[in-house]
Amino acid sequence: MKYAIISDIHSNLEALESVLQEIDQIGVDRIICLGDIVGYGANPNECVEIIRERKIESIIGNHDTVACGKKEPFDFNFVAKEAALWTRNTLTAKNREFLHNLPETREIDGFLIVHGAISDPDLYIFSVYDAIGEFKLMKKWNICFFGHTHVRTYYVLIGGDVQCRFEYEFKIKPEAKYLINPGSVGQPRDRDPRSSFLIYDSKGAAVRFIRLEYDIESAKQKIIRAGLDRRLAERLSLGI
Ligand code: ZN
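All residue numbers refer to position in the chain's written sequence, counted from 1. Predicted model: local features are reported for residues with pLDDT of at least 70 only, side-chain atom pairs are reported and counted for 80 or more only, and whole-chain, interface and lining totals are derived from all residues. Hydrogens and waters are ignored; side-chain quantities use all the structure's heavy atoms.

1. What to know about the packing of helix H2 (residues 44-53) against helix H5 (residues 93-100)
For step 1, the next point in the chain: For the pair H2 and H5, interaxial distance at closest approach is 10 Å and the crossing angle is 60°. Here H2 lies oblique to H5, going by the angle between them. Read as a crossing pair, H2 and H5 show a hand that is left-handed. Between H2 and H5, the contacting residues are Asn45, Val48, Glu49, Ile51 and Arg52 on the first element and Lys94, Asn95, Phe98 and Leu99 on the second.
For step 2, the next point in the chain: Class assignment for the residues of the contact of H2 with H5 results in 4 nonpolar, 2 polar and 3 charged. In this analysis, axes come from line fits to C-alpha atoms, helices being fitted only over the stretch in contact, and the angle between any two N-to-C directions falls in the range 0 to 180 degrees. What counts as a helix is a DSSP run of H or I of at least four residues, what counts as a strand is a run of E of at least two, and both are numbered from the N terminus. Any angle between 65 and 115 degrees counts as roughly perpendicular, while under 35 counts as roughly parallel, over 145 as roughly antiparallel, and the rest as oblique. By the definition used in this description, the sense in which the near helix is turned from the far one sets the handedness, with an anticlockwise turn below a right angle giving left-handed and a clockwise turn giving right-handed. Here, residues are in contact when the closest pair of their heavy atoms is within 4.5 Å. In this classification, the charged set is Asp, Glu, Lys and Arg, the nonpolar set is Ala, Val, Leu, Ile, Met, Phe, Trp, Tyr, Cys and Pro, and all remaining amino acids, among them Gly, are polar.

Structure representation (structure tokens):
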């Protein structure tokens with residue numbers, strides 16, 4: 001089975017369309033989204049509708065939770081809060097309901113997907129130390145895909161040792177456990193502005209990260225025209 005794993009689209013329609021076009025060209029069996037379909041960008045409705053219409057299997061992210069009204073943005077910074085409330089007002093009732101009904105986690109063919117961390121969907125896995133705590137919760141699973149940090153990386157637990165790694169391609173070893181982050185489709189933060197996602201081939205036990213250029217200028221112009229904070233546009237070019 002071949003899976004495309006995408007995450008953190010953040011209402012960036014240009015990025016989502018480019019990534020899906022590339023995934024279609026590669027040809028996969030299932031497309032899975034780790035949450036944060038909306039928030040920050042200018043096209044929340046369009047992005048939700050693509051996820052819904054293409055039946056992309058998704059979980060809810062922290063921005064989706066606020067945008068659909070399930071939670072208030074108490075722990076968001078000012079710019080994120082403003083964008084989240086703009087998104088809430090811009091979303092149609094049908095799209096808000098779609099987000100509201102997304103599950104927090106999902107088990108798919110024996111692997112787990114979460115937005116932030118297994119222990120807490122709002123928590124960031126940013127270090128080996130964070131990963132050690134999460135691996136303790138993976139008794140049932142060998143692989144967990146997570147998002148939220150917008151940084152492409154993976155952690156491997158092998159022989160009692162946890163490592164943080166960045167290779168673009170690797171093989172899944174049966175004796176190891178993995179926490180894998182595909183990076184962000186719509187707002188990468190590893191100083192590489194290209195969209196990030198991955199292909200997981202369960203038969204070949206292989207993971208391949210992919211970076212893809214998209215029309216950043218259009219996405220930026222839309223953010224500015226929508227009256228959202230200019231910094232949300234500027235960061236797309238910088239990959240921060
Ligand atoms: Zn996010």
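2. With respect to the coordination of the zinc ion
For step 1, the next point in the chain: The donor set covers N, O and S atoms within 2.8 Å of the metal, switching to 3.2 Å for Na, K and Ca, and it leaves out water, so a site may look short of donors. Donor atoms from the polypeptide that coordinate the zinc ion comprise Asp8 (OD), His10 (NE2), Asp36 (OD) and His150 (NE2), at 2.1 to 2.4 Å from the metal.
For step 2, the next point in the chain: Coordination at the zinc ion is irregular, judged from the 4 donor atoms that bind it and the angles of 86 to 180° they form at the metal.
For step 3, the next point in the chain: Mapped onto the sequence, the donors of the zinc ion take the spacing D-x1-H-x25-D-x113-H. Of this pair, histidine 10 sits in the loop between strand E1 (2-6) and helix H1 (13-26) while aspartate 36 is found in the loop between strand E2 (30-33) and H2, placing the two residues 26 residues apart along the sequence. Neither histidine 10 nor aspartate 36 differs from the other in exposure class; each is buried. Every geometry call rests on angle ranges, with four donors termed tetrahedral when all angles are between 85 and 135 degrees, four termed square planar and six termed octahedral when opposite donors are over 155 degrees apart and all others are between 65 and 115, and everything else termed irregular. Using a 1.4 Å probe on the protein chains alone, a residue whose accessible area is under 20% of its type maximum counts as buried, one over 50% counts as exposed, and one in between counts as partly exposed.

3. A word on the sheet that holds E1
Strand pairs in the sheet, formed through backbone hydrogen bonds, run parallel or antiparallel to each other.
For step 1, the next point in the chain: The mixed open sheet is built from 6 strands, whose spatial order is E3-E2-E1-E11-E12-E9. With one partner strand each, in any of the chains shown, strand E3 (57-58) and strand E9 (169-171) form the two edges of the open sheet.
For step 2, the next point in the chain: Here, a strand pair is defined by DSSP locating no fewer than two bridges between the strands. Sheet topology note: the E1/strand E11 (residues 195-201) ladder contains 4 bridges and is antiparallel. Each residue of the ladder has a partner; that of isoleucine 5, found in E11, is leucine 198.
For step 3, the next point in the chain: Against the sheet, H1 engages E1, E2, E11 and strand E12 (206-212), with an angle of about 25° to E11.

Geometry only, nothing functional implied.
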